[in-house]
Structures are given as structure tokens and as C-alpha cells.
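Coordinates in review
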Amino acid sequence: MSSVTENWSSVDQTGGTIGASGQTTTLTGSPSSAINNVTFVGDVVLDNNGTVTFQQASISDNSSVTVSTGTSLVLDQSTLMSGKINMDGGALSNSNAYSGGPLTINFGDTTEKTNTVTLNAYGLSDVTFTNVAPGDNITFVGSWGNIKLVDDGSGVITVEDSSGKTLTTLHTAKKSDGSYYTASDFSSSADGQNAVLVCFLPGSLISTPHGTKAVEELSVDDEIIAYVDGVAIPRRVTWTGQAHCNVRAHLPDDEAGYPVCILKDAIADGVPFKDMLITAEHCLFFDGQFVPARMLVNGRSIFFDKSITSYDYYHIETEVHSVIIADGMLTESYLDTGNRRAFSQKGNVVSIGGSRNLTWDDAAVPLTVSRETVEPLFRKIERRADKAGFAIYTEARPLTNENDLHLTTDAGAIIRPARQNNGRVMFMIPDGVERVRIVSNASRPCDVIGPFVDDRRQLGVLVGTVTLFESNRTRTLTDHLHDAQLSGWNNVEEGSMRWTSGNALLPLGERAPGTLALMAIEVRAAGPYVLDEAISEHQALKA
């Protein structure tokens, strides 16, 4: 098989064929925008391309796609493609697909690379995962609860949801001794729709009855100080765990795995008493409640430390979930929600026992992510950072209110607004167009408002009524309000409006032949958005 290397600049951004039969095509560089409709032919390698988004993609017979390190392949389509995708250190996401296939996803080496796949939990009936090993990351979107791994001992693991419904199967890789990885080698946990890891980094000093001790030096049966109703009491360590993280830089900072650095004196004098490094979801204790560290990041006294891209992390468990002190900061011990096997047990003493499958109902104090509680705390810490003159580690991201709203067709044509009036945006729809995609800028509320807002959805525009005028007939389009599986939409709100994710499919229904239509989209809300380089250039040209 011959091999060629091409740059994305040579690929038609409106779609078409990528690759050739009997050929390995390696693509370098990055595409300039989302690509409408492509077919992969031969063996196509996506090599360090950044984020590559396809509105529709397919793989021809006897062909494959390899997603290498540095590439995040995002498919925004309602059905999964058929064929074979090889994961070689990259990321694959298609959370909108509820059907499709047959698709084989083959995982490559995980000793030096991190493979990440994010798919809809209930769209995997015709998906086969092969060569799966610990270190591979699979997110089952919309499972609304933890999954169960059922092992037959032959290298095949059945994945079930909390009700016992089969979602898919995992064909595992072989270990160095020739045996297959089994269910006991994997772990899973649920936090809403997302799995999270919560841990300390090396060097965190834990308060014990005999002074402080580094977290990595603690062992089973050691005692540490816990606080119950403000009273310090000793509690026995029942388990210690260690694991490793490789940052996935293509994801948002709070999801990528970057550790959170809390600088000395960030909260109060001596709190913490030295710079503290923890994972983003690790909770800190304030006023009788736990708050995730990611929700307090201000870019000055608390920030994501991007100089650390690969690290070990640790956790300690006590007899019951506890408020403990690390680096002089009140925080939490480990809460076993089912991800214990993500850690290897350390030390010479081995604690025998399975997962306890606890929930936040079993926590020492309640978890809060409400803006009403977290924002005043965030502002207080932010004011302290300003007054103390902490340096700016992360600049605030500039925002824009320009939504760049337009439509695209299956043929790749772009339709710009004809006019706007009373909150409605009008578009002229050519003859023969039976569906369009509503495309706009999109950002997460936690990025544009502040991390104290626990909303990490990508929001484009909030669409209300959509009306189509053609051939002396007026129709109201309602698929976006009734089809929960429609590609590119968030959840319906109040039964009458729905946020796009920045690229949302809208069927137009049966069109009258040979006619031009006028479509009016009611935009209830839009923006602000993070001002990226592409938008900056667009606005500079307009100016």
C-alpha cells in the first residue's frame, strides 16, 4: 500500500472524498472550519490536527480512519458511521448519535498514549470496541447512572446500564502474561453524566495527630485528623490509592486534567500554608459544604497549572468520608463512588475489599454547585487576590456578543440572514433544500460568566418559533422542540425553546417544488461568546 502526506489546506472544506483506495493518506495541519460531508477512502491517518469537526462523515468499504495523538475527531451527526476507527492517542466524540454502525473502534497502545472516546450510551448496539485496556477512556453520555461491567472471563466484557440493559461489549487486550484484561482491571463512576477523578498530587501535606505527613507516604492503619462538627478527631486510614494522569490538552481546561494550583494564603492567612495542587473535581470545605476546586479558579490565586501535563495523584480513604486538612486547607477524603480500581493500591499493607459504591448522600457534608452559594465565595477569594496583588497567571478571555448566525445546507452552501426584525432572523431558502443546519458561535456559560456557574454545555443561540413561508403557505417547524435526538441541540426549555450547540440540524419538511422559501427563526437569547482568533479576524475585516 502506497503512502502520501497531505495538508488540510488541500482538502475541500465543503466535503467530498479524503484518501484513495489502496493508499495510506496522512493529514497534517488543521482544517479552517467544520467540514460538511466527507467519505474516507483507503487508510486515512489524522495526525496532530487539533479539533476536526465533521457534520457528516462515512467510511468506504475496506477503509479505516486512525485518530492519532493531538487530534480530536468530533462527529456532529445523528447516526454513527460504519467501518473501522483506530484510536492511537487521540480523541473521538459523537454524543448525538443514537443509532448507526456497524462500527469497530480499535484501541492502540495505552502505555504511552491516552485514547478517549465519548459516545451516546444508547447508540452503541452495533458498535464493537476491540483491544481495550486500562488507560483507555470511554464516556457513555446519557447513561444517567453508573455502568456495570459483566465479564465472562474470555476477554469479552458486557457493558450494562443501571437497569441491566446491555449497551455494548468490550473485547479486551491481552496482558503481558497472555491472559485477557477482565472487568476487575477497569473502573467506572458517575457524576450526573460524567465520570470524574478526585485526588491529591504528590507533596500535599495531610494533618495527622503527630504533625503533617506527605500524602504519598500515608499507609493503611495510619491515623489522620478529621473534623466532625468543627471538632478534631483522629480517624484511621483504610485505603490509599495512586494513579497517573496524562493531560488531554484538546479539551477545556476543567476537563483536560490540568491540576488546580491554590497559592499560599489564597483563602486566608496561612490557608493554605503552601502552594497546593489538587485535581479539578476535588472538593474544598467552606461553611459546612463541599465545593469543587474548578468552580473557584480565578486565574490569579487559584488557576489551572498548565506547566504540568503528566503527573501521579493520590487519595486516602478513612472509615467514613471525612473533612480533613491538606496543606492547611479543609478538604475531603476519598469517597468511593465506584472508581476505586482506577487506582493501584500502594504500600506493603494490602486492604482487601471491593468497591463500596457510595454516593454524595454518604458524604461527610453536602456537595454544592449552586451559583447562589459559590459565586459569593468566588468573589471573596477574588477580592483577596486583588488586594494582595497576586500575579495574573491566566488572562480573562475577551468576549463578543456577535453570534455570526447563518445556515448551511447538505451541499455545503452558506445562507446568510436576509434581514432581522423583532427578534426574528430571516433567511431565504433555495428550492430543493430539505434541511439546514443552524450555525453560530458557541461557548459554555462557565467560560463566559464564570466558573462559579456549573453549566458546561456549549450554547449557540436559543431558538423559539421557526416559521417557513413558501408558495402562499405558512408552516411552523417544531422538530427542534419535539425530537430529543435531533443533532446539535441541547435540552428543550419550558416546552417552547431550545439552545443549539452551535451547529444544529433543522429538517424543513416537505417542500413545494420549484419555490423559494422565507424562513423566520425566533432567537430568544444569544451570547456572549468567547472571542477566539477566527472571530477577531472576522470583526477586524468588518471594521
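Residues numbered from 1 in each chain as written. Predicted model: local features only at pLDDT ≥ 70, side-chain atom pairs only at ≥ 80, totals over all residues. Heavy atoms only, no water.

An unreviewed UniProt entry lists the chain under the name Outer membrane protein, with Acetobacter senegalensis as the source organism.

Before going further, it helps to examine the environment of alanine 388. Assignment of secondary structure puts alanine 388 in helix α2 (residues 371–388). Assessed through its relative accessible area of 54%, alanine 388 is described here as exposed. When the C-alpha atoms of alanine 388 and aspartate 265 are compared, they prove to be 9.4 Å apart, with 123 residues separating the residues in sequence. (Helix = DSSP H or I, 4+ residues; strand = E, 2+ residues; numbered from the N terminus. Buried < 20%, exposed > 50% of the residue type's maximum accessible area, 1.4 Å probe, protein only.)

Next up on the list: the sheet that holds strand β23 (residues 276–278). An order of β23-β22-β26 is seen for the 3 strands of this open sheet, with the pairing classed as antiparallel. Single-partner strands in this sheet number two, and they are β23 and β26 (302–304). Neighbour-to-neighbour, the strand axes of this sheet turn through a mean angle of 25 degrees, independent of strand direction. (Pairing = 2+ DSSP bridges. Axes fitted to C-alpha atoms, helices over the stretch in contact; angles between N-to-C directions.)

Relative to strand β9 (residues 91–94), strand β6 (residues 71–75) runs parallel, the two sharing 3 bridges. Bridged to serine 72 within β9 is alanine 91. In this sheet, strand β12 (residues 116–120) lies alongside β9 in parallel orientation, the contact comprising 4 bridges. Following the sheet pairing, leucine 92 is matched in β12 by valine 117.

Before going further, it helps to spend a moment on the sheet that holds strand β32 (residues 406–409). With antiparallel pairing, the 4 strands of this open sheet are ordered in space as β33-β32-β36-β41. For this open sheet the edge positions go to β33 (414–415) and β41 (503–507), each flanked by a neighbour on one side alone. Note: β32 against strand β36 (residues 435–439), 4 bridges, orientation antiparallel. Paired with leucine 407 across the bridge in β36 is isoleucine 438.

Between valine 271 and proline 272 the backbone carries a cis peptide bond, its omega angle lying at -10 degrees. With respect to the element layout, proline 272 can be found in the loop between β22 (260–262) and β23. The omega torsion across glycine 527 and proline 528 is -5 degrees, close enough to zero to call that bond cis. With respect to the helices, strands and loops of the structure, proline 528 is situated in the loop between β42 (517–526) and β43 (529–530). Look at aspartate 229: it is not a glycine, yet its phi comes out positive at around 55 degrees. Relative to the assigned elements, aspartate 229 resides in the loop between β20 (223–228) and β21 (231–246). For aspartate 229, a relative accessible area of 78% corresponds to the exposed category.

So, about the pairing of β32. Because side chains alternate across β32, one face comprises the buried residues His406 and Thr408, and the other comprises Leu407 and Thr409, equally buried. Of the strand pairs in this sheet, β32 and β33 are connected by 2 bridges, and their pairing is antiparallel. Bridging from a neighbouring strand, leucine 407 pairs with isoleucine 415 of β33. Between β32 and β33, which pair antiparallel and follow one another directly, the connecting turn spans 4 residues, one of which, glycine 412, has a positive phi of 90 degrees.

Evaluation of the coordinates by the stated rule reveals 24 salt bridges. Residues glutamate 522 and arginine 524 are paired through a salt bridge, measuring 3.0 Å at the closest nitrogen-oxygen approach. With relative accessibility at 37%, the residue arginine 524 sits in the partly exposed group. Through salt bridges with shared partners, a single network forms among Asp254, Glu255, Glu281, Arg294, Arg444, Asp447, Asp454 and Arg456. (Salt bridge = Lys/Arg side-chain N within 4 Å of Asp/Glu carboxyl O.)

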